[in-house]
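Chain and residue survey
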Amino acid sequence: MAAGVIEIKSRIKSITSTKKITKAMGLVATSKLRKTRIKLEVNSKYNSYFDDAIKEVLEGFPSEIYNIYTHGNESKKKLYIVLTSDSGLCGGFNSNVVNNTVTELSKDRENSLVLLVGQKGRSYLKRYKYESVAEFVDIPDLPSIREAYMITNHVLDMYENGEVGEVYIFFTQFNSTVNQNVEFKKLLPLGYNEKDELREYVMIEPDISQFVDETVKINLNRQILNCMLNAKASEQGSRMTAMDGATRNADDILEKLKLKYNRIRQGAITQEISEIVGGAEAQK
């Protein structure tokens, strides 16, 4: 009996300590999520307005003017930017992104390259025998233009040098704390609509091709930043949900262990009383 009680007390102590950690992590994730959501909401509004401006220009891009950002280059290689987390304990956040990525990569593995953002994606993709052409880790909880530019510059160098002909990004779209979904988005080439002509009342100086050249970096950078903010918000939301679930599970286990502990103690007390009574009866 004594050994059983000691073991249960040890488990209760261990689970209580774990519960304190999961509860603290859940509170931290909640605080970080609140800050990220504020920045994401502001950035998403800017992103929406910029999308409309870019669409306005590309709808009238003349088909006879060649530009690698709209027409593409001759490379058949595809680059996939994969946004994962730097730390774990965030539920299925990373596995969902990687599984969707691997499904897409398997369609044309020989021509597929991966650029990883976040440390956790590395270990996941190694299981599927994929190597990355570049890795960006230790991304802040609130990504800024600086982090986005590092990725943008690397991507543009590969695209302009003809190392890749198409660029895509896998990220987790944040809808709410309990609703996030993996999105697959094409970044380059931008494309254009051959049927439309540039509207007469739209004047671009010095010319539309040079305008695209100068704005493509801004356009690519703001898209990557918005995806990073969505991914960070989704990561914190997943971590908050995972830690809340872990804390509730700890409460359930503690309740069962305490009940078992009390039953063993009650049984031991009853047995001791019976032995005392039996000893007293035997001396009569």
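Here the structure is shown first, and the text comes after it.
Every value quoted in this text rests on a predicted model; they were computed, and no experiment measured them.

Most of strand β1 (residues 78-83) sits out of view: five of its six residues are buried. Judged from the six bridges that link them, β1 and strand β2 (residues 112-117) form a sheet pairing that is parallel. Residue pairing across strands places Val82 opposite Leu116, the latter belonging to β2. After leaving β1, the chain enters helix α3 (residues 93-105) and then returns to the sheet as β2, a path that is right-handed. As paired strands, β1 and strand β4 (residues 166-176) are joined by five bridges and run parallel to one another. Residue pairing across strands places Leu79 opposite Val167, the latter belonging to β4.

Okay, the sheet that holds β2 next. Strand pairs in the sheet, formed through backbone hydrogen bonds, run parallel or antiparallel to each other. The strand order across the open sheet built from five strands is β3-β2-β1-β4-β5, with neighbouring strands paired in mixed fashion. Looking along the sheet, the strands with just one partner apiece sit at the ends: β3 (132-136) and β5 (179-188). Shown here is a sheet whose adjacent strand axes are inclined to one another by a mean of 20°, direction ignored. Examined bridge by bridge, β4 and β5 share nine bridges and lie antiparallel to one another. Paired with Val167 across the two strands is Leu188, which belongs to β5. Set on the sheet, α3 makes contact with β1, β2, β4 and β5; between it and β4 the angle comes to about 145°.

About the cut-offs
Residues numbered from 1 in each chain as written. Predicted model: local features only at pLDDT ≥ 70, side-chain atom pairs only at ≥ 80, totals over all residues. Heavy atoms only, no water. Buried < 20%, exposed > 50% of the residue type's maximum accessible area, 1.4 Å probe, protein only. Helix = DSSP H or I, 4+ residues; strand = E, 2+ residues; numbered from the N terminus. Pairing = 2+ DSSP bridges. Right-handed = clockwise from strand over helix to strand, strands pointing away. Axes fitted to C-alpha atoms, helices over the stretch in contact; angles between N-to-C directions. Contact = heavy atoms within 4.5 Å.

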